[in-house]
Amino acid sequence: MNYFNFPLEQWTNSFVNDWLLPELSGFFNQISMILRSFVEGVTNLLVAIPPEAITIVIFLLAWKLSGKGLALFTLIGGLYLGSVGLWPESLQTLAIVIVSTIISVILGVPLGILSATNKVVDQITRPILDFMQTLPIFVYLIPAILLFGLGGVPAVIATFVFATPPAVRFTSLGIKQVPEEVVEASRAFGSTRKQLLLKVQLPLAVPTIMAGINQTIMLALSMAVVASMIGAPGLGAQVLKGISTVNVGLGLTAGLAIVVLAIILDRLTQSIGNKL
Amino acid sequence: MNKIEVNNLTKIFGSHPQQGLKHLKNGKKKGEILEETGMTVGVNRASFSVKPGEIFVIMGLSGSGKSTLIRLVNRLIESTKGEVLIDGEDVTKMDKKQLMETRRKKLGMVFQRFGLLPHRSVLHNVAYGLEIQGVSKEERNEKAMKTIEDVGLTGYENSKPSELSGGMQQRVGLARALTNDTDILLMDEAFSALDPIIRTEMQDELLKMQSKLGKTVLFITHDLDEALKLGERIAIMKDGEIVQIGTAEEILESPANDYVSKFVKDVDRSKVLEASHVMRKPEVLLSYKDGPRMAVRKMEDVGASSIFVVDKEKKFKGLLTIDDAIKAYKEDISMEQFLISDVHTTSPDTPLDDLLGVAADAKYPIVVLEDNHLLGIISRVSILSGLVLGKEKDEEVTT
């Protein structure tokens with residue numbers, strides 16, 4: 001079957017090594033610096049707050065937004081994270097999730113709006129999003145290391161790539177789902193495009209957009225764990241340590257911590273979406 | 001000047017609308033164009049005009065292009081060719097800003113599925129049109145409250161649309177269109193989603209409102225009864241073309257083609273036909289001066305048992321039966337005292353619907369009067385045949 005002897009591997013390597021890295025390393029260093037200070041800032045901020053205070057705030061938030069059940073779970077979850085000695089690691093993972101989610105939402109939601117209202121943008125975005133979602137996650141860990149080194153920054157980049165598609169897709173879907181007659185009515189009364197978007201389409205799309213953000217957060221968490229392979233600190237790194245030292249106990253302890261974090265993040269963001 | 005004037009308006013959906021136009025020009029039909037090019041002719045060279053203060057109804061079955069047509073009027077859909085003049089200005093040639101201004105100041109619209117903003121209260125729905133024009137909150141809420149009152153929804157201003165019944169939701173839709181105080185109302189199947197009773201109620205209110213406010217209304221419907229009730233003039237659409245424009249009577253009595261006549265076949269004629277449509281001239285009339293002998297002879301000639309009596313100005317005086325005429329002749333007394341004057345009378349524009357009950361228990365034919373002049377008479381037979389057959393055939397039966 002080898003009719004063309006397609007040297008994609010060599011091409012990619014020479015493109016990255018001979019052009020991308022030398023030409024744009026300054027640019028990537030710049031991004032790397034900004035992201036590093038962002039991640040470190042968030043981590044330091046979280047670490048600075050006493051674990052008790054964070055747990056109580058989350059507990060109250062869960063009580064108000066969802067109810068007793070989730071509030072109780074966050075309390076037990078918080079106590080677990082502290083009691084197994086994984087509190088700092090949980091915060092490191094959380095920081096990566098927060099930073100990459102913020103970037104995903106800032107870029108993803110406007111892109112979703114654009115692709116809902118513009119056919120050309122939609123046609124261009126669609127295959128790119130498919131690519132981002134289906135390419136095995138390990139594959140873009142490699143360029144992430146090459147371009148941004150090891151540690152939290154490439155983790156954020158990889159997480160961003162993996163977690164952005166739902167933000168774009170759900171936003172676009174939410175806007176397209178606004179009933180045609182409602183949009184027509186708004187136009188018939190002389191709305192500008194901006195008024196249509198801000199007063200009609202976005203408010204009606206909010207629940208769907210929130211569902212998208214919820215998905216983004218969940219994907220970000222799973223990627224933040226996998227990104228431990230490229231040196232991201234946090235719970236993933238503990239699991240990795242458990243694997244490499246065949247330490248079942250550590251693996252389970254850290255794995256359960258990830259589950260706790262996931263459930264709290266998921267239920268909390270879902271109930272925010274339901275409140276809106 | 002016409003409030004709305006539509007000339008040769010055409011809309012072709014598809015990839016090469018200009019090519020479709022050529023096909024239309026060459027006389028190809030909607031179906032042929034769809035088969036050959038895959039393009040759909042939405043509206044095919046439609047022309048009509050609406051006078052200020054008129055209710056103009058466009059009627060057609062689904063797929064006839066009526067909803068497309070009304071959306072071409074305020075350019076929710078871009079036309080392929082033709083012009084739409086609102087107060088003499090061509091909507092199809094306006095730039096974005098002019099179009100927006102025209103929509104805001106001149107064209108209100110009411111939708112079949114209401115098109116209300118589900119996240120806003122009734123008040124904020126009704127005030128929406130003014131809000132996007134930048135009218136101050138105080139002023140727009142005040143105006144909105146006024147129209148909410150006009151449509152009878154006071155007390156519901158803080159409810160969400162989903163908390164209201166269909167009929168009430170459409171009142172909100174109507175109030176929203178009225179708040180902008182535009183001269184023109186575009187109503188797209190506005191009452192089609194409502195229950196029959198609510199629908200009738202809304203139709204009556206629309207008529208009342210229109211006579212009070214003098215709005216120009218372009219009304220779309222698939223319901224012929226609704227069209228006949230509301231429309232001062234009606235345009236009937238088929239396959240994107242307007243096949244006939246006329247008043248309710250014109251359409252019922254002289255359908256332009258088979259399609260229209262098939263359409264009007266099932267109409268409830270009693271609501272549309274009026275006394276003047278089914279009345280006939282009495283075969284004989286008795287003048288006052290004629291006397292009883294003449295009366296008997298005239299009745300004998302036509303084999304009737306009674307005769308209508310008029311004075312020399314043809315003013316209706318009463319009815320004389322043959323028995324009374326003979327009695328007056330024999331006893332040589334004036335026939336004046338035998339005249340029966342309490343026969344049922346009616347005006348020529350009374351709907352047949354109102355005469356059905358009267359005719360059922362009337363002993364004598366109903367007399368149609370205008371300024372006391374006898375125009376014609378209506379027998380029970382002519383009402384029934386009018387309902388069944390329409391006027392033309394009715395004439396064949398009685399003459």
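Cut-offs used in this document
Residues numbered from 1 in each chain as written. Chains lettered and ligands numbered in written order. Predicted model: local features only at pLDDT ≥ 70, side-chain atom pairs only at ≥ 80, totals over all residues. Contact = placed C-beta atoms within 7 Å. Helix = DSSP H or I, 4+ residues; strand = E, 2+ residues; numbered from the N terminus. Nonpolar A, V, L, I, M, F, W, Y, C, P; charged D, E, K, R; others polar. UniProt positions renumbered as here; feature names shortened; annotations may be inferred. Core = buried A, V, L, I, M, F, W, Y, C linked by C-beta atoms within 7 Å. Buried ≥ 20, exposed ≤ 12 C-beta atoms within 10 Å, placed from the backbone. Domains from an automatic or database assignment. Pairing = 2+ DSSP bridges. Axes fitted to C-alpha atoms, helices over the stretch in contact; angles between N-to-C directions.

Participant: Help me get a handle on the interface of chain A and chain B, residues and values and all.
Facilitator: How big an interface is tends to be reported as the loss of accessible area on association of its parts. Across the boundary between the two partners, chain A contributes 14 residues, which contact 16 residues of chain B. Contributing elements (two or more residues each) for the side of chain A that touches chain B: helix 8 (180-188) and helix 9 (193-226) of chain A. Of the residues belonging to the side of chain A that touches chain B, the class tally is seven nonpolar, four polar and three charged.

Participant: Can you lay out the UniProt feature "domain: CBS" (unreviewed entry) in chain B for me, pointing to particular residues and giving the numbers?
Facilitator: Sites flagged by UniProt as "domain: CBS" (unreviewed entry) map to residues 279-335 of chain B. With 39% helix and 25% strand, residues 279-335 of chain B has its two end C-alpha atoms placed 27 Å apart.

Participant: Please provide a residue-by-residue account of the nonpolar core, values included.
Facilitator: By size, the foremost hydrophobic cluster in this structure holds 154 residues, and its most contacted members are Ala224 of chain A together with Leu218 of chain B. Here this core spans two domains, since at least three of its residues come from each of domain 1 (4-106 + 182-267) and domain 2 (275-398) of chain B. Those residues in contact with leucine 218 of chain B, other than ones at most four positions away along the chain, are Ile4, Val50, Phe56, Ile70, Val73, Ile184, Leu186 and Met187 of chain B.

Participant: Give a detailed account of the environment of phenylalanine 38 of chain A, specifying residues and quantitative values.
Facilitator: Residue and element names in this part refer to chain A. Take phenylalanine 38: it is sitting in helix 1 (residues 8-48). What makes phenylalanine 38 partly exposed here is the crowd of 19 C-beta atoms within 10 Å. Placed 57 residues apart in sequence, phenylalanine 38 and alanine 95 show a C-alpha to C-alpha distance of 9.2 Å.

Participant: Now, about the domain arrangement of chain B: what can you tell me, with residues and values included?
Facilitator: On domain assignment, one finds that chain B holds domain 1 (4-106 + 182-267) and domain 2 (275-398). The straight-line distance from the C-alpha centre of domain 1 of chain B to that of domain 2 of chain B is 44 Å.

Participant: Account for the UniProt feature "domain: ABC transporter" (unreviewed entry) in chain B, naming residues and giving values.
Facilitator: Sites flagged by UniProt as "domain: ABC transporter" (unreviewed entry) map to residues 4-264 of chain B. Within the segment residues 4-264 of chain B, helix and strand shares are 42% and 23% respectively, and the terminal C-alpha atoms sit 27 Å apart.

Participant: Quick rundown of the UniProt feature "domain: ABC transmembrane type-1" (unreviewed entry) in chain A? Include the residues and the values.
Facilitator: Here, UniProt's "domain: ABC transmembrane type-1" (unreviewed entry) annotation points to residues 90-269 of chain A. Taken end to end, residues 90-269 of chain A is 84% helix and 0% strand, and its two terminal C-alpha atoms sit 18 Å from one another.

Participant: An account of the sheet that holds strand 11 (residues 285-287) of chain B is requested, with residue identities and associated values reported.
Facilitator: Residues and elements named next belong to chain B. Pairing is mixed across the open sheet formed by three strands, whose spatial order is 11-12-13. Each end of this open sheet is capped by a strand with a single partner; those strands are strand 11 and strand 13 (316-321). Between one strand axis and the next, the sheet turns by 35° as a mean value, whatever way the strands run. As defined by bridge partners, strand 12 (residues 306-310) adjoins strand 13 across five bridges and the pair is classed as antiparallel. Bridge assignment links valine 310 to a residue of strand 13, and that residue is phenylalanine 316. Sheet strands touched by helix 14 (residues 291-302): strand 11, strand 12 and strand 13. Its angle to strand 12, the strand with the most contacts, is close to 130°. Sheet contacts for helix 15 (residues 322-331): strand 12 and strand 13; angle to strand 13, the most-contacted strand, approximately 85°.

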